[in-house]
Amino acid sequence: MRAFTIFLCTAFIFSTSMDAQSLNSYRWESRLVLLFTPEQDDPVFLEQVRLLEESTAALAERKVVVIRIMPAKEEGSPKGFLNAISATKYYERFAPQPEHFELILVGLDGTEKLRRTNTVVPITDITDLIDTMPMRRQELRRQGGN
């Protein structure tokens, strides 16, 4: 049963069916961790993905969706990444440096809460920041303070 729960969390958090979804479709529903990477084999990107995959339960509890984004290329987007049209929209909206890895945390309200460039962000930095947000505190109060 535990393996199935982890599978469901992973499927939710690392969903690859986000190609057609706009940023507005997540507002008030999910927090986003946007992973902008110049290449799918960028070592900082790969380490960040590994850490996020190890923390699926903590991220799911906080309604976090992870989105992988690379600059649009003629040959298309690799599996697990936004398509070229959606990627272009995210690059225009957040203006990351296309030659560097960038992690951006977006809150339920659709605004940027954290941005880090060319560094692996510890999961506790993400979860601790989310836990200080007013919307998250309301969620915890509704859950009885868990």
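First, a word on scope: everything that follows refers to the structure included in this document. (Residues numbered from 1 in each chain as written. Predicted model: local features only at pLDDT ≥ 70, side-chain atom pairs only at ≥ 80, totals over all residues. Heavy atoms only, no water.)

### Remarks on the sheet that holds strand E1 (residues 31–36)
(1) Moving on: Pairing within the open sheet is mixed, and its four strands lie in the order E2-E1-E3-E4. Edge strands, defined here as strands with exactly one partner in the open sheet, are strand E2 (64–69) and strand E4 (112–117). Neighbour-to-neighbour, the strand axes of this sheet turn through a mean angle of 15 degrees, independent of strand direction.
(2) Moving on: Relative to strand E3 (residues 102–106), E1 runs antiparallel, the two being bridged by five bridges. From the neighbouring strand, leucine 35 faces E3, where its bridge partner is leucine 103.
(3) Moving on: Most of the contacts of helix H5 (residues 123–132) go to E3, to which it runs at about 20 degrees, and overall it touches E1, E2, E3 and E4. (Pairing = 2+ DSSP bridges. Helix = DSSP H or I, 4+ residues; strand = E, 2+ residues; numbered from the N terminus. Axes fitted to C-alpha atoms, helices over the stretch in contact; angles between N-to-C directions. Contact = heavy atoms within 4.5 Å.)

### Focus: the environment of isoleucine 67
(1) Moving on: Relative to the helices and strands, isoleucine 67 is located in strand E2.
(2) Moving on: With 32 residues separating them in the primary sequence, isoleucine 67 and leucine 35 have C-alpha atoms 6.1 Å apart.

### Let's talk about the packing of aromatic side chains
(1) Moving on: In total, this model carries five aromatic pairs according to the counting rule given.
(2) Moving on: A centroid spacing of 4.9 Å and a plane angle of 75 degrees characterise the contact between phenylalanine 36 and tyrosine 91, whose relative ring orientation is edge-to-face. Taken together, the residues phenylalanine 36 in strand E1 and tyrosine 91 in helix H4 (residues 84–94) connect sequence positions 55 residues apart. The same class applies to phenylalanine 36 and to tyrosine 91, which are both buried. (Phe/Tyr/Trp six-rings, centres within 6.5 Å; stacked < 30°, edge-to-face > 60°. Buried < 20%, exposed > 50% of the residue type's maximum accessible area, 1.4 Å probe, protein only.)

### Some thoughts on the side chain of arginine 62
(1) Moving on: Tracing the chain through its elements places arginine 62 in the loop between helix H3 (56–61) and E2.
(2) Moving on: Looking at arginine 62, the relative accessible area reads 10%, which means it is buried.
(3) Moving on: Polar contacts involving the side chain of arginine 62 include one to the side chain of aspartate 131, which spans 2.9 Å.
(4) Moving on: Aside from chain neighbours lying at most four places away, what touches arginine 62 is Arg31, Thr127, Ile130, Asp131 and Arg136. (Polar contact = N/O pair within 3.5 Å; in protein donor to acceptor, adjacent residues only side chain to side chain.)

### Section: empty space enclosed by the protein
(1) Moving on: For the coordinates displayed, the defined rule picks out one cavity of 30 Å³ or more.
(2) Moving on: The volume enclosed by the largest cavity comes to roughly 50 Å³.
(3) Moving on: Taken together, Met70, Pro71, Ala72, Lys73, Gly76, Ser77, Pro78, Phe81 and Leu82 make up the full set of residues lining the largest cavity.
(4) Moving on: Looking at the lining of the largest cavity residue by residue, the classes come out as six nonpolar, two polar and one charged. (1 Å grid on protein atoms, 1.4 Å probe; cavity = no way out; pocket = protein on both sides within 12 Å on 5 of 7 lines; lining within 4 Å. Points joined across faces, edges and corners; volume = space filled by probe spheres on them. Nonpolar A, V, L, I, M, F, W, Y, C, P; charged D, E, K, R; others polar.)

### Side note on the pairing of E1
In summary, the side chains of a regular strand alternate between the two faces of the sheet.
(1) Moving on: Among the six residues of E1, six are classified as buried, and the element is accordingly described as predominantly covered.
(2) Moving on: Side chains of E1 alternate between two faces, with Arg31, Val33 and Leu35 and Leu32, Leu34 and Phe36 buried alike.
(3) Moving on: One ladder, built from six bridges, connects E1 with E2; its direction is parallel. Bridge pairing in E2 places phenylalanine 36 opposite isoleucine 69.

### Section: the nonpolar core
(1) Moving on: Residues Val33, Leu35, Leu52, Leu103, Leu105 and Ile126 are the most contacted members of the largest nonpolar core, which totals 20 residues.
(2) Moving on: Every element with two or more residues in this core is listed here: E1, helix H2 (43–54), E2, E3 and H5.
(3) Moving on: The element that contributes the greatest number of residues to this core is H2, accounting for four residues.
(4) Moving on: Setting aside residues no more than four positions away along its own chain, leucine 105 makes contact with Leu32, Val33, Thr111, Glu112, Lys113, Leu114, Ile126, Leu129, Ile130 and Met133.
(5) Moving on: Leu32, Ile69, Ile104 and Val106 belong to the second largest nonpolar core, which has 15 residues in total. (Core = buried A, V, L, I, M, F, W, Y, C linked by side-chain atoms within 4.5 Å.)

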